[in-house]
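A closer look at the structure
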Amino acid sequence: MNEKLKEKISESLSSVLPITVIVLLLSVTLVPLEIGTLALFLTGAVLLIVGMGFFQLGAEMAMTPLGQGVGGRIIKSRRIVPIVLVSFLMGVIITIAEPDLQVLANQVASIPNSVLIWTVAVGVGLFLVVAVLRILFHISLSWMLLISYVLLFALSFFSPDSFTAVAFDSGGVTTGPMTVPFIMALGIGFSAARSDRDGASDSFGLVALCSIGPVMMVLLLGIFYNPTDAAYTATEIIPVSTTQDVVKQFISALPHYGKEVLISILPVAGVLVVFQLFTRNYHKRQLLKMAVGFVYTILGLVLFLTGVNVGFAPVGSLLGSGLGEGVFKWLLIPIGIAIGYYIVKAEPAVQVLNKQVEDLTGGTISRKMMNMALSAGVACAVALAMVRVLTGLNIYWIIIPGYAAALILSRFVPPVFVGIAFDSGGVASGPMTSTFLLPLAMGACSAAGGNIVTDAFGVVALVAMAPLIAIQIMGLIYVRKAKAVPPPAEVLAEDTIVDIEEDFE
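The model shown is predicted, which means the values in this text are computed figures rather than measured ones.

A separate point is the overall build of the chain. Looking only at helices and strands, the chain features 21 helices and 0 strands. Per-residue burial for the chain yields a buried fraction of 59% across its 505 residues. Long-range contacts, defined here as pairs at least 24 residues apart, represent 86% of the contacts in the chain between residues at least 6 apart. A total accessible area of about 19600 Å² is found for the chain, and carbon and sulfur atoms account for 67% of it.

In this section: the side chain of Ser148. Within the secondary structure layout, Ser148 lies in helix 6 (residues 141-156). Residue Ser148 is classed as buried on the basis of its relative accessible area, which comes to 8%. Those residues in contact with Ser148, other than ones at most four positions away along the chain, are Phe127, Leu209, Ile212 and Met216.

Take the packing of aromatic side chains next. Counted under the stated rule, the structure contains 10 aromatic pairs. On the basis of an interplanar angle of 45 degrees and a centroid distance of 6.2 Å, the ring pair of Tyr149 and Phe422 is categorised as tilted. Linking Tyr149 in helix 6 with Phe422 in helix 17 (residues 415-428), this pair joins segments that are 273 residues apart in sequence. Both residues of the pair, Tyr149 and Phe422, belong to the buried class. An aromatic cluster is built from Tyr149, Phe153, Phe168, Tyr403 and Phe422, whose rings are joined through pairwise contacts.

Describing two packed helices takes the angle between their axes plus the distance from one axis to the other. Interhelical geometry of helix 1 (residues 3-28) versus helix 13 (residues 332-343) gives an angle of 155 degrees and a closest axis separation of 8 Å. The orientation of helix 1 with respect to helix 13, classified from their angle, is roughly antiparallel. Crossing handedness for the pair helix 1 and helix 13: left-handed. Residues Ser15, Pro18, Ile19, Ile22 and Leu26 of helix 1 pack against Ile335, Ala338, Ile339, Tyr342 and Ile343 of helix 13. Across the contact of helix 1 with helix 13, the residue classes break down as 9 nonpolar, 1 polar and no charged.

Now for the nonpolar core. Leu66, Leu145, Tyr149, Phe312 and Phe422 are the most contacted members of the largest nonpolar core, which totals 165 residues. If one sorts the elements of this core by residue count, helix 2 (residues 35-77) sits on top with 19 residues. Once you skip the residues sitting within four places of it in the chain, Tyr149 turns out to touch Ile212, Tyr403, Leu407, Phe422 and Leu468.

On the surface, a nonpolar cluster with roughly 490 Å² of combined accessible area is contributed by Phe157, Phe158, Leu220, Ile223 and Ile400. By the element assignment, Ile400 lies in helix 16 (residues 396-409).

In total, this model carries 5 salt bridges according to the counting rule given. Residues Glu3 and Lys6 are paired through a salt bridge, measuring 3.8 Å at the closest nitrogen-oxygen approach. Residue Glu3 and its partner Lys6 are both found in helix 1; the two are separated by 3 residues, about one turn of the helix. Owing to a relative accessible area of 58%, Glu3 belongs among the exposed residues under this scheme. Among the ionic pairs, Glu358 bridges to Arg367, the shortest N-O distance being 3.1 Å. Using a relative accessible area of 22% as the deciding quantity, one classes Glu358 as partly exposed. With a relative accessible area of 27%, Arg367 lands in the partly exposed category. Each of Lys4, Lys8 and Glu60 takes part in a single network of salt bridges with overlapping partners.

Attention now moves to the side chain of Thr119. For Thr119, the location among the structural elements is in helix 5 (residues 113-136). Those residues in contact with Thr119 that sit more than four places away from it in its chain are Met217 and Leu221.

Although it is not a glycine, His138 sits at a positive phi angle of roughly 55 degrees. With respect to the secondary-structure elements, His138 resides in the loop between helix 5 and helix 6. Residue classification places His138 among the partly exposed positions, given a relative accessible area of 47%. One non-glycine residue with positive phi stands out, namely Arg280, at about 50 degrees. With a relative accessible area of 61%, Arg280 lands in the exposed category.

This part is about helix 12 (residues 284-324). For helix 12, with 41 residues, the first-to-last C-alpha span of 57 Å sits near the 60 Å given by 1.5 Å per residue. At Phe312, helix 12 shows its largest bend, some 40 degrees, and a proline, Pro314, comes one to four positions later.

Here Val173 lies in helix 7 (residues 161-173). Between the C-alpha atoms of Val173 and Val427, which are 254 residues apart in sequence, the distance is 9.0 Å.

Moving on, we come to the environment of Leu323. Take Leu323: it is sitting in helix 12. Classification of Leu323 as buried rests on a relative accessible area of 3%. A sequence separation of 121 residues divides Leu323 from Ala444, and the C-alpha atoms of the two residues are 6.4 Å apart.

As a further point, take helix 17. Taking 1.5 Å per residue, 14 residues should reach 20 Å; helix 17 reaches 20 Å between its end C-alpha atoms and fits that length. Of all 14 residues that make up helix 17, 13 are buried, and the element is covered over most of its length.

This part covers the packing of helix 15 (residues 367-391) against helix 20 (residues 459-484). With their axes 7 Å apart at the nearest point, helix 15 and helix 20 run at an angle of 140 degrees to one another. One element, helix 15, and the other, helix 20, form an angle in the oblique class. Here helix 15 runs over helix 20; the crossing is right-handed. Where helix 15 abuts helix 20, its residues Met369, Met370, Ala373, Leu374, Gly377, Val378, Ala381, Val382, Leu384, Ala385 and Arg388 lie against Val459, Leu462, Val463, Ala466, Pro467, Ala470, Ile471 and Met474.

Within the secondary structure, Gly322 sits in helix 12. Along the sequence, Gly322 and Ala447 sit 125 residues apart, while their C-alpha atoms lie 7.7 Å from each other.

A few words on the confidence of the model for the chain. Confidence along the chain averages 82 in pLDDT terms, with 88% of residues attaining 70 or more. For the chain, the element scoring lowest by mean pLDDT is helix 21 (residues 494-504), at 43; helix 16 scores highest, at 93. With pLDDT under 50 throughout, residues 489-505 is counted as low confidence; its partners more than four residues away or in other chains account for 32 contacts.

Rules used throughout
Residues numbered from 1 in each chain as written. Predicted model: local features only at pLDDT ≥ 70, side-chain atom pairs only at ≥ 80, totals over all residues. Heavy atoms only, no water. Helix = DSSP H or I, 4+ residues; strand = E, 2+ residues; numbered from the N terminus. Buried < 20%, exposed > 50% of the residue type's maximum accessible area, 1.4 Å probe, protein only. Contact = heavy atoms within 4.5 Å. Areas by Shrake-Rupley, 256 points an atom, 1.4 Å probe, with all protein chains shown as cover. Phe/Tyr/Trp six-rings, centres within 6.5 Å; stacked < 30°, edge-to-face > 60°. Axes fitted to C-alpha atoms, helices over the stretch in contact; angles between N-to-C directions. Parallel < 35°, antiparallel > 145°, perpendicular 65-115°, else oblique. Left-handed = near helix turned anticlockwise from the far one by under 90°. Nonpolar A, V, L, I, M, F, W, Y, C, P; charged D, E, K, R; others polar. Core = buried A, V, L, I, M, F, W, Y, C linked by side-chain atoms within 4.5 Å. Patch = residues over 30% accessible without salt bridge, like charges linked within 9 Å, V, L, I, M, F, W, Y side chains within 5 Å. Salt bridge = Lys/Arg side-chain N within 4 Å of Asp/Glu carboxyl O. Expected span 1.5 Å × (residues − 1). Bend = angle between axes of the 7 residues up to and from the residue. pLDDT = per-residue confidence, 0-100.

Laid out in structure tokens, this is it:
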């Protein structure tokens, strides 16, 4: 086996194993599961681990160099019209290629799937243009975020109450395993094409702004269509009695997710073909490596999506139902903390982001630091989501103070930490959140007699919000330590040093 692939699968194993152990412990203590359901879950876990390994390697080989190439070319042109058009098209194409977007479309009643998908794609495209222009004209990210979120919350008060949580969830769902690596790589391309000292810190923030677009557009769509309900198709529990039945369930699901992923990848492959024809940016050897990377990406996403949808989602719903209807329902909060702490590490795009952060900061912000901050943040977010499930607390009581705190913190930390923090929000709320945590919350909410639309939805939004605060707090701690004991120059990335000195002298 390829040594690099073995390394990626090993990393995936260490990420997925803790959440698997938690589910197994719950299945033999508080929520007994049928053997067939448990077999589905364990098989799904294996597919998830292997799929994450292939996907991470594929994204590294194909998506990252493509995004860097496109980003570098368009920023070097310095012509506004081509930059705007290419950025908009890239945002639309990569969003339509996002597998999680179809899941979101099926959740929203009264709006045709195609209308919702294109509306969200246009939202990402428009905000990618805004993000690129911000980099080009050196506009402060924290000010851009402040203005955008003020407009977003003002707009949300005009949207139907039953639609608000779904709209905020859309921002996290649409920045998934396809969108994040490509947009992050675009940022790196912009950074590499610029010779000024702000290039590295400005490479972050694209995902952050692109996460706002879907929320804003879905809120506008909710106002326009004035839907009376926002529905979600309940997770179907597949009856299995033998190991052969388990294998049949996964084999029967593979063609569906294979078709979905192929349709998603084709537009991105088309971008590579057109870009290469016009620019001749890559040599034959690079093209061959990228082609292999696309194959790995396809294989990884098919295995990953099959594993989480067939194996993980039903178990999440069952665990939620079992915990929500019993006398131990308040144990949902500590259990949610444990699940949230480990589940973010199983998100495929999180590892891509963490590696890019470590590379761009020269190891100043390590993968270990990022994982710790993200895990702590998401653990708190899932705990708050479980409180909402049990009490019916309005989501505004959490997200308004939460985003206010994040925006205030953005004025006191170096720009590089602001970009990383707001990018991490979209990355943390990926397919694992939507296919395990959301069914968990829905199952618990239904068992506890709550309103699924207003109380269970919003878990993705809270998971997306938590890293904004956690990473910036990490930034404050880092700055205090850096001022107290100056580290060796060779350990720090040059751009980060300059940012910190200018902002905090």
